Amino acid sequence: YSARPNNNLQQTMKKIVAVNASPRTTWNTATLVREAAKGAESKGAEAVIFDLYKLEKYTGCISCFGCKLPEHKGVCVCKDGLSPVLDEIRSADGLIIGTPNYLGDVSAGFRALYERLIFQSLTYQAEQMCCNERRIPVLMIMTSNAAEEFYPQIGYDKMLANYQQMLSNMVGPTKILISGDTLQVKNYDKYQWTMFDPKAKQERHDTIFPQEMQKAFALGAELL
């Protein structure tokens with residue numbers, strides 16, 4: 001008799017990669033990313049969490065085309081702070097990635113990862129555009145000062161749709177969670193921001209944001 005590891009148990013353990021693409025590691029975006037990760041963990045998954053702005057120096061795609069060579073097909077060869085994130089995503093069973101809305105788009109950190117994640121799988125071959133054969137579900141979270149109901153008026157809905165479509169095509173089926181009209185700072189009295197009603201902001205944060213945390217948890221659980 002020889003003892004053997006229970007490979008069935010090992011195979012049932014799923015891994016979710018959760019990425020906070022905000023420079024703030026305890027605020028709105030980070031909170032929702034971690035809640036989604038907790039949702040995945042509630043289904044028995046291991047969650048590997050990255051705060052992009054805590055990583056070693058990195059860049060977006062440097063257009064070296066190394067990922068287009070046969071020996072590196074589908075793998076970004078640029079070695080920097082994003083390399084461990086990309087490596088983990090390649091072996092993950094799901095991806096959670098959250099970003100604040102900066103000037104009508106994603107954060108610079110998100111964009112850098114997005115470029116590297118997407119471009120490595122783009123083949124430039126008419127017969128097969130994507131070489132990624134391991135598709136995984138994606139949850140993209142966006143937080144913003146703008147309320148969600150204003151997204152169609154200011155074009156944020158189209159911006160998000162573009163990211164959703166590309167992630168769905170190149171990584172896997174992608175869902176979007178929006179948290180708008182967020183509380184940006186604890187003390188609005190320090191700033192001369194006459195556009196905002198601090199009481200209304202705080203009230204929304206106290207009543208609606210917890211509901212969005214619950215939704216993030218549920219969507220994270222649905223990744224499995």
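Our structure is the block above this text.
Presented here is a report on the structure given in the accompanying data block. (Residues numbered from 1 in each chain as written. Predicted model: local features only at pLDDT ≥ 70, side-chain atom pairs only at ≥ 80, totals over all residues. Heavy atoms only, no water.)

**Focus: the pattern of salt bridges**
Applying the stated criterion across every chain yields a total of 10 salt bridges. Residues Arg90 and Asp87 are paired through a salt bridge, measuring 2.6 Å at the closest nitrogen-oxygen approach. Of the two residues, Arg90 and Asp87 both sit in helix H3 (residues 83-90), three residues apart, roughly one turn of that helix. What makes Asp87 partly exposed here is its relative accessible area of 41%. (Salt bridge = Lys/Arg side-chain N within 4 Å of Asp/Glu carboxyl O. Helix = DSSP H or I, 4+ residues; strand = E, 2+ residues; numbered from the N terminus. Buried < 20%, exposed > 50% of the residue type's maximum accessible area, 1.4 Å probe, protein only.)

**Some remarks on the sheet that holds strand S2 (residues 46-51)**
Ordered in space as S2-S1-S3-S6-S7, the five strands form an open sheet in which the pairing is parallel. The sheet is open, and its two borders are formed by S2 and strand S7 (174-179), each paired with just one other strand. On average, adjacent strands in this sheet sit at an angle of 15 degrees to one another, irrespective of strand direction. The pairing of strand S6 (residues 138-143) with S7 spans six bridges and is parallel. The partner of Val138 across the bridge, within S7, is Thr174. Contacts from helix H2 (residues 28-42) reach strand S1 (15-20), S2, strand S3 (94-100), S6 and S7, with the element oriented near 175 degrees to S1. (Pairing = 2+ DSSP bridges. Axes fitted to C-alpha atoms, helices over the stretch in contact; angles between N-to-C directions. Contact = heavy atoms within 4.5 Å.)

**Overview of a nonpolar patch on the surface**
Taken together, Tyr53, Tyr102 and Leu103 make up a surface patch of nonpolar side chains, about 380 Å² in accessible area. For Tyr102, a relative accessible area of 36% translates into the label partly exposed. (Patch = residues over 30% accessible without salt bridge, like charges linked within 9 Å, V, L, I, M, F, W, Y side chains within 5 Å. Areas by Shrake-Rupley, 256 points an atom, 1.4 Å probe, with all protein chains shown as cover.)

**A few points about the side chain of Lys201**
Looking at where Lys201 falls in the secondary structure, it is placed in helix H7 (residues 198-207). Given a relative accessible area of 4%, Lys201 falls into the buried group. Polar contacts involving the side chain of Lys201 include one to the side chain of Asn145, which spans 2.6 Å. A polar contact is formed between the side chain of Lys201 and the backbone oxygen of Thr182, at a distance of 3.1 Å. Leave out the neighbours within four places in its chain, and Lys201 touches Asn145, Asp181, Thr182, Leu183, Tyr188 and Phe196. (Polar contact = N/O pair within 3.5 Å; in protein donor to acceptor, adjacent residues only side chain to side chain.)

**Points about the packing of aromatic side chains**
Inspection of every chain in the model, using the stated rule, returns 10 aromatic pairs. Between the aromatic rings of Phe119 and Tyr124, the centroid separation amounts to 5.9 Å while the plane-to-plane angle is 70 degrees, which identifies the pairing as edge-to-face. Residue Phe119 is classed as buried on the basis of its relative accessible area of 15%. Since its relative accessible area comes to 59%, Tyr124 is described here as exposed. Each ring, one from Tyr151 and one from Tyr156, has its centre 5.1 Å from the other, and the planes form 90 degrees; the classification is edge-to-face. With a relative accessible area of 2%, Tyr151 lands in the buried category. Look at Tyr156 and you get buried, because its relative accessible area is 16%. Positioned over the ring face of Phe119 is Lys68, at 3.8 Å from the centre of the ring. Sitting over the face of the ring of Phe196, Lys201 holds its NZ or CZ atom 5.0 Å from the ring centroid. (Phe/Tyr/Trp six-rings, centres within 6.5 Å; stacked < 30°, edge-to-face > 60°. Lys NZ or Arg CZ within 6 Å of the ring centre and 35° of its normal.)

**Regarding the environment of Asp181**
Mapped onto the elements, Asp181 comes out in the loop between S7 and H7. Residue Asp181 is classed as partly exposed on the basis of its relative accessible area, which comes to 26%. Residues Asp181 and His205, spaced 24 residues apart in sequence, show a C-alpha to C-alpha distance of 8.7 Å. In this view, Asp181 contacts Ser144, Asn145, Ala146, Ala147, Lys201 and Arg204; residues no more than four positions away in its chain are not counted.

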